[in-house]
Amino acid sequence: MSGFFNTLFFGIYPYIALSVLIVGTIIRYDSEPYSWRAGSSQLLRRKQLVWGSVLFHVGVLVIFLGHFFGMLTPIAIFEMLGISHGAKQVLAIVVGGIAGLMAIVGAGLLIHRRLYDARVRAASSAMDTFIICLLGFQLLLGLATIPISLQHLDGEEMVKLMTWAQGIFTFRGDAATYVADASWIFKLHLFVGLSILLIFPFTRLVHMLSVPARYLWRPGYQIVRERNSTNSRNPAE
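Remember, predicted model here, so these are calculated numbers, not experimental data. (Residues numbered from 1 in each chain as written. Predicted model: local features only at pLDDT ≥ 70, side-chain atom pairs only at ≥ 80, totals over all residues. Heavy atoms only, no water.)

A. Inspection of the nonpolar core at higher detail. Core analysis: the biggest nonpolar cluster contains 44 residues, and Phe 56, Leu 139, Trp 164 and Val 179 have the highest contact counts within it. Sorting the residues of this core by element identifies helix H1 (2-31), helix H2 (46-72), helix H3 (75-80), helix H4 (85-116), helix H6 (126-144), helix H8 (156-169) and helix H9 (184-199) as the ones contributing at least two each. (Core = buried A, V, L, I, M, F, W, Y, C linked by side-chain atoms within 4.5 Å. Buried < 20%, exposed > 50% of the residue type's maximum accessible area, 1.4 Å probe, protein only. Helix = DSSP H or I, 4+ residues; strand = E, 2+ residues; numbered from the N terminus.)

B. Inspection of the pattern of salt bridges at higher detail. One pass over the full model with this rule turns up 4 salt bridges. The salt bridge involving Glu 157 is made with Lys 160; its shortest N-O contact spans 3.3 Å. With Glu 157 and Lys 160 both in helix H8, this residue pair falls 3 residues apart, about one helical turn. With relative accessibility at 26%, the residue Lys 160 sits in the partly exposed group. With a closest N to O distance of 3.2 Å, Lys 160 and Asp 181 form a salt bridge. (Salt bridge = Lys/Arg side-chain N within 4 Å of Asp/Glu carboxyl O.)

C. Highlighting empty space enclosed by the protein. Per the stated rule, a full pass over the model turns up 1 cavity of 30 Å³ or more. Counted as a void, the largest cavity has a volume near 30 Å³. If you go around the largest cavity, the residues you meet are Glu 157, Lys 160, Leu 161, Tyr 178, Val 179, Ala 182 and Phe 186. (1 Å grid on protein atoms, 1.4 Å probe; cavity = no way out; pocket = protein on both sides within 12 Å on 5 of 7 lines; lining within 4 Å. Points joined across faces, edges and corners; volume = space filled by probe spheres on them.)

Right, dumping it as C-alpha cells:
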C-alpha cells in the first residue's frame with residue numbers, strides 16, 4: 001500500500017499539478033486579464049511591508065533559482081565541471097539556509113501585518129492570507145530538511161531528489177521510486193511544493209509572471225504636447 005501512495009503522490013500527482021498550472025494559467029490570462037496583478041495595500045504600515053517584501057522576495061527568488069537549476073541540471077554536467085555531490089550538498093545547505101531564513105523572516109513580517117492590522121486584514125481576501133501562510137509553512141519545511149541533509153553530506157540524498165525531478169520532466173515511469181525511501185520531511189516538502197503549483201493559477205501568485213522585463217530593453221519615450229494653434233490665438237484677432 002505504501003508503494004501505491006508513493007506512486008500516487010510522487011509519480012502521478014506531479015503531472016496533475018503541472019497540467020493544472022499550465023492550463024489554468026493560460027485560461028486565467030485569457031479570461032481574466034485584469035486579475036493578473038497583486039492587490040496593493042502599500043499605503044498601510046508601509047515600513048513593515050517594505051522590509052517584509054524585500055526579505056521575502058529576495059529569499060524566495062534565490063531559493064527558486066537554486067531549486068530550479070540544482071534539481072534540473074543533469075548530474076553529468078556537475079560531474080563534468082568537477083563539482084562533487086558533497087560540495088553541491090554543502091552549497092545548497094549554506095545558500096539555501098541563508099535564503100530560507102531571509103524569506104521566513106520576510107514572510108513572518110507579511111503574515112503579522114496581514115493578520116494583526118485591521119485595515120490590511122479588511123483589504124485582504126481569504127485566499128491572500130491562505131497562500132502567504134502556506135508559503136511560510138513551505139519555507140519552514142525547507143529549513144527543517146537541513147538537519148537531515150547534514151547527516152548525508154555525501155550528497156546521495158540530493159542525487160535521489162535530482163533523479164526524481166529529472167525523471168518527472170523526462171516522463172520516466174519509475175521516477176517515484178527514487179524518493180520511496182526518502183525522509184518524510186522531504187516528501188512533505190515535495191508534496192506541499194507540488195500543491196502550491198496546483199493552486200498557483202487561482203491565486204495572486206500569477207503576478208510573478210508579469211514582471212515588466214520588457215522595460216529593460218524598450219526604448220524610452222518622450223511625451224510632447226502639441227501646441228494647439230487655434231486655442232493659442234489671441235481672442236481679439
